[in-house]
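# Residue-level structural notes
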There are 2 protein chains.
Amino acid sequence: MATLDDLDTPCLVLDRGKVAANAARLRNHLGKLGAPMRLHVKTAKSPEATALVLDGRKDPITVSTLKEAEQFLDSGYRDILYAVGFERHKLARAQALAARGAKLTLLVDSVEGAAGVTGFPVLIEIDTDGHRAGVKPSDKAQLVAIARALEANGCTAAGVMTHAGGSYNCASVDEIAAIADQERDGAVAAVNVLRRAGFPAPVVSIGSTPTATYARNLDGVTEVRAGVFVFFDLVMTGINVCRQEDIALSTLATVIGHQRDRGWILVDAGGMAMSRDRGTAKQRVDQGYGVVCDVDGRAIPGLVMTDANQEHGIVARRDGAAPPDLPVGTRLRILPNHACATAAQHEAYHVVDGGREAVATWRRFSGW
Amino acid sequence: MATLDDLDTPCLVLDRGKVAANAARLRNHLGKLGAPMRLHVKTAKSPEATALVLDGRKDPITVSTLKEAEQFLDSGYRDILYAVGFERHKLARAQALAARGAKLTLLVDSVEGAAGVTGFPVLIEIDTDGHRAGVKPSDKAQLVAIARALEANGCTAAGVMTHAGGSYNCASVDEIAAIADQERDGAVAAVNVLRRAGFPAPVVSIGSTPTATYARNLDGVTEVRAGVFVFFDLVMTGINVCRQEDIALSTLATVIGHQRDRGWILVDAGGMAMSRDRGTAKQRVDQGYGVVCDVDGRAIPGLVMTDANQEHGIVARRDGAAPPDLPVGTRLRILPNHACATAAQHEAYHVVDGGREAVATWRRFSGW
């Protein structure tokens, strides 16, 4: 079996023990609050990684693309929520999924959107924090109008869904917990509007990794969606949703040169291998394009990828001091700002179990 | 054949007439200066697009990964420069390419790097603008030491290569032309050091799309590398290397909703479909995640993608005014900040010839 000393670089390294621990932690927390999880599979896009997270159960999942729905249906997952506003051009593919046995739930946030879908259970997207799509919970007339349009069009107004994406910008755990309350309160208020208007609307779907992690009360919530927690990343570390040592994903890179007068180490992982995500740029600690670790995953003090060209990464001390001597050929592991974005640049995970041995290769897919 | 009105979104649209015109313009310019082009294939990563750019000739090419070398060798391109600092872990794959008939040239910028390669023609990377890797042209002892190490190790010290990536940050055409002079002067000075020391060093390889476009004199240069000019993008428009209407690549997206009180139009192309590249953020005009055009490719005044989640784009007027009414289902085309990065998020180009009809589908590859 290959080891991290001889794999072709750049490539992804995934520590499966960390994935399992991250999954157990969130499952235990949600279990105590009495809310089942509907895992978001958009981060890993890998049946093997998903099987690990779900202990082999074919539990309900969330997808961000119809390709994810198609691929995961092929792997035996039938209860699928497509959690992006639906539009009629996608109807034929959605119908093909249903014809193959998927229990596919769709999402809309307008009467106009509802007009384009027929024959599916549909959730109404609720905007609880102003960061993206959705109807405000206070807009009762709009909520009822969408539910009526859905039913008139042969759909079931199955409930509500919200995503507190604003939680990614929180400065403290207390702030995340407050956003989690707001997310739940808004979703429950909105579904109650539908129920009072006579729609059964059984589903109250909420979630984001930060709010799922720090929710204190999920009364009235029927499912919690979260995705990035399976791998975690520096953005999540930056808002105290995980520790840096919980990050299961890294990019393996090789030192290819130096510019010693500038304190630079050049590696063969650049913007293509890390993605161009700079999600920590606006956080308290800007991690550049990623935190640099040794081949065993131990962070090298002060060392980050400060800049990136397409296939070159520039590694330097954050404080401008001289970096340690890392000769050409040295293997490094770079922790990502945003796991979803970095993983999407690659076609496979090289799986390790704490050590350097690659114990498995898990394929992942991309595209739509 | 599909049209832009019915393709699944998000997807890439490539206008082949614009690609051909971009290719002809640079070829004519370099022809006048007497320097042949060594096309960089890292932007398109597509044999069909490359065949269009090169009029079907199997001319010398430049690659940024060994996978590009392998794929393009499969398509009949034999003269290949791998223009990233070489490191010994990649030697077996390089040797396999040579065994299959590739005339593969490698690159190093240190004695340490030279020690890891044997049996290839190798260029020495020269740093003419301080932006990345390479030996300074003035560092004569280092240049000769690397050439000697190469020859001692069974390689040919074949010449020099430099990339004036600093030209991407220029404020004016005059500044780019000055950087082009500096790029040529540095490369020629460095190769003369080698030649005076007794190495034939026939190759002087320079290039970047901006410097190739505005070079005024290429005496002493034996080849010019350029890549992004085949598609062009908003970063290149922002430094006056192309007009916005020369951009051949766009992401086709569909309107999925609105937040009218905020002036937002939501589309189904987000950070995954556009990439997270924000290369215009530091330019005179920040184009967000891209300039929004109608389905026929005409820019809609003032409209840009101001923010992006994984599969959601937020489109709004740059000045905060109310956007035009674009109903759910409207098709839009978004011009990319950085064509290499946006193209890499997709698996195919849907090719048009000015109109809405998709006249061909060209596969592209990713990964290493």
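A brief look at the structure comes next.

### Looking at the overall build of chain A
Looking only at helices and strands, chain A has 11 helices and 17 strands in total. Against the 2.2 N^0.38 benchmark of 21 Å for 368 residues, chain A shows a C-alpha radius of gyration of 22 Å, consistent with a compact globule. Seen through its C-alpha atoms, chain A measures out along the principal axes to roughly 70 × 40 × 35 Å. Expressed as a percentage of the 368 residues in chain A, the buried residues total 63%. Partitioning the intrachain contacts of chain A with sequence separation of at least 6 by distance along the chain shows that 66% fall at a separation of at least 24.

### Focus on the pairing of strand 8 (residues 203-206) of chain A
Residue and element names in this part refer to chain A. Note that strand 7 (residues 156-162) and strand 8 share three bridges and pair parallel. Residue methionine 161 lies in a different strand from strand 8, and its bridge partner there is serine 205. After leaving strand 7, the chain enters helix 7 (residues 173-196) and then returns to the sheet as strand 8, a path that is right-handed. Of the strand pairs in this sheet, strand 8 and strand 9 (residues 223-226) are connected by two bridges, and their pairing is parallel. In the sheet register, isoleucine 206 faces strand 9, and the bridge partner there is valine 224.

### Focus on the interface of chain B and chain A
Each side of the interface is counted separately: chain B has 61 residues, and chain A has 61 residues. With both chains or domains summed, chain B and chain A bury close to 4,900 Å², and 48% of this area falls on carbon and sulfur atoms. Between chain B and chain A we count 12 salt bridges in total. Taken together, chain B and chain A are joined by 32 residue pairs in polar contact (both at pLDDT 80 or more). Contributions of two or more residues to the side of chain B that touches chain A are made by strand 10 (249-259), strand 11 (264-267) and helix 10 (271-274) of chain B. In terms of residues, the side of chain B that touches chain A owes the most to one element, strand 10 of chain B, which gives six residues.

The rules behind each value
- Residues numbered from 1 in each chain as written.
- Chains lettered and ligands numbered in written order.
- Predicted model: local features only at pLDDT ≥ 70, side-chain atom pairs only at ≥ 80, totals over all residues.
- Heavy atoms only, no water.
- Helix = DSSP H or I, 4+ residues; strand = E, 2+ residues; numbered from the N terminus.
- Rg over C-alpha atoms; globule rule 2.2 N^0.38 Å.
- Buried < 20%, exposed > 50% of the residue type's maximum accessible area, 1.4 Å probe, protein only.
- Contact = heavy atoms within 4.5 Å.
- Pairing = 2+ DSSP bridges.
- Right-handed = clockwise from strand over helix to strand, strands pointing away.
- Buried area = accessible area lost by both parts, 1.4 Å probe.
- Salt bridge = Lys/Arg side-chain N within 4 Å of Asp/Glu carboxyl O.
- Polar contact = N/O pair within 3.5 Å; in protein donor to acceptor, adjacent residues only side chain to side chain.

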